[in-house]
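# Coordinate analysis (summary)
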Amino acid sequence: SYKGLHFRFMGAIDDLFASYYFVDNLCLMLLTSFCLFAVSQLHFYPGYVLAVIAVYQVFVPCILGSFLMDKGGEFFDNIYNISWYLLPLSDQVSILILLGIAIKEKTMSAGLTVISLEQFVEVFKFYSSNILIIYLNCSSAMHHGHTIQS
């Protein structure tokens, strides 16, 4: 049926977006790591600009994901709080269908995780700690006489 085809298509698009965002997020965070490494070790100062742009590109979808979760909850509450029992029977059925749809939490996902501000903070903390480890290891190597060729 047309409705079943539509739901399968939307599911496929959602899966495709989740895979795309996962790969995109990974690439942007690796770019950020390499840019900051280049700034710290090779004095490539334009790397700051590239790093900020990459972090911004990860941040915007996380804001949208949090916004979607918040508004999805408000949508359910608003539907639930109307006086649906006073409506005609056909409208009551429509409201019940909307409630059934709205009860499921609305999220954006990236593979195995939900895209939100909380996830952004966790990913950013992880990459920040890795960048610090790389920086400390390279600084230690430079103090022991090793150099990085540019």
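In case you missed it, the structure is sitting above this.
Residues numbered from 1 in each chain as written. Predicted model: local features only at pLDDT ≥ 70, side-chain atom pairs only at ≥ 80, totals over all residues. Heavy atoms only, no water.

## Focus on the overall build of the protein chain
The secondary structure content of the protein chain amounts to 4 helices and 2 strands. Along the chain direction, N to C, the helices and strands of the protein chain fall in the order α-α-α-β-β-α. Against the globule reference of 15 Å for 150 residues, the protein chain gives a C-alpha radius of gyration of 23 Å, more extended than a compact globule. Principal axes of the C-alpha set define a box for the protein chain whose edges measure 80 × 35 × 25 Å. For the protein chain, buried positions account for 25% of its 150 residues. Across the protein chain, contacts joining residues at least 24 apart in sequence account for 68% of those joining residues at least 6 apart. The averaged location of the 10 negative side-chain charges in the protein chain is 7 Å from the averaged location of its 6 positive side-chain charges. (Helix = DSSP H or I, 4+ residues; strand = E, 2+ residues; numbered from the N terminus. Rg over C-alpha atoms; globule rule 2.2 N^0.38 Å. Buried < 20%, exposed > 50% of the residue type's maximum accessible area, 1.4 Å probe, protein only. Contact = heavy atoms within 4.5 Å. Lys, Arg positive; Asp, Glu negative; His and termini not counted. Charge placed at Lys NZ, Arg CZ, Asp CG, Glu CD.)

## Digging into the packing of helix H2 (residues 46-80) against helix H3 (residues 89-102)
Close contact between H2 and H3 brings their axes to 9 Å; oriented N to C, the two are set at 155 degrees. The angle between H2 and H3 places the two elements in the roughly antiparallel class. Between H2 and H3 lies a crossing of left-handed hand. Residue-level contacts link Phe75, Phe76, Ile79 and Tyr80 of H2 to Ile95, Leu98, Leu99 and Ala102 of H3. Classifying every residue of the contact of H2 with H3 by side-chain character gives 8 nonpolar, no polar and no charged. (Axes fitted to C-alpha atoms, helices over the stretch in contact; angles between N-to-C directions. Parallel < 35°, antiparallel > 145°, perpendicular 65-115°, else oblique. Left-handed = near helix turned anticlockwise from the far one by under 90°. Nonpolar A, V, L, I, M, F, W, Y, C, P; charged D, E, K, R; others polar.)

## Some thoughts on H3
End to end, H3 covers 20 Å across 14 residues, agreeing with the expected 20 Å (1.5 Å per residue, within 8%). The set of residues buried in H3 consists of Gln92, Ile95, Leu99 and Ala102. Taken end-on, H3 shows its buried residues confined to a sector of 90 degrees, consistent with a single buried face. Of the residues in H3, the exposed ones pointing more than 90 degrees away from the buried face are Leu89 and Ile97. Considering only its buried residues, H3 is in contact with H2. (Expected span 1.5 Å × (residues − 1). Arc of directions from axis to C-beta.)

## A word on H2
For H2, with 35 residues, the first-to-last C-alpha span of 52 Å sits near the 51 Å given by 1.5 Å per residue. Within H2, burial applies to Gly47, Ala51, Ala54, Val55, Val58, Pro61, Cys62, Gly65, Ser66, Gly72 and Ile79.

## Considerations on unusual backbone geometry
Within the chain, His43 stands out as a residue other than glycine whose phi angle is a positive 60 degrees. By the element assignment, His43 lies in the loop between helix H1 (2-42) and H2. We classify His43 as exposed; its relative accessible area is 52%.

## Thoughts on the side chain of Thr32
Relative to the assigned elements, Thr32 resides in helix H1. Excluding its chain neighbours within four sequence positions, the residues that come into contact with Thr32 are Ala51, Ala54, Val55 and Ile131.

## Observations concerning a nonpolar patch on the surface
A cluster of nonpolar side chains, contributed by Phe22, Val23, Leu26, Leu30 and Phe34, occupies part of the molecular surface with about 490 Å² of accessible area. Within the secondary structure, Leu30 is located in helix H1. Accessibility expressed as a relative area gives 37% for Leu30, which makes it partly exposed. (Patch = residues over 30% accessible without salt bridge, like charges linked within 9 Å, V, L, I, M, F, W, Y side chains within 5 Å. Areas by Shrake-Rupley, 256 points an atom, 1.4 Å probe, with all protein chains shown as cover. Salt bridge = Lys/Arg side-chain N within 4 Å of Asp/Glu carboxyl O.)

## Digging into the environment of Gly4
Examined against the element boundaries, Gly4 turns out to sit in helix H1. Under the relative-accessibility criterion, Gly4 is labelled partly exposed at 25%. Considered as a pair, Gly4 and Val121 are 117 residues apart in the sequence and their alpha carbons are 38 Å apart.

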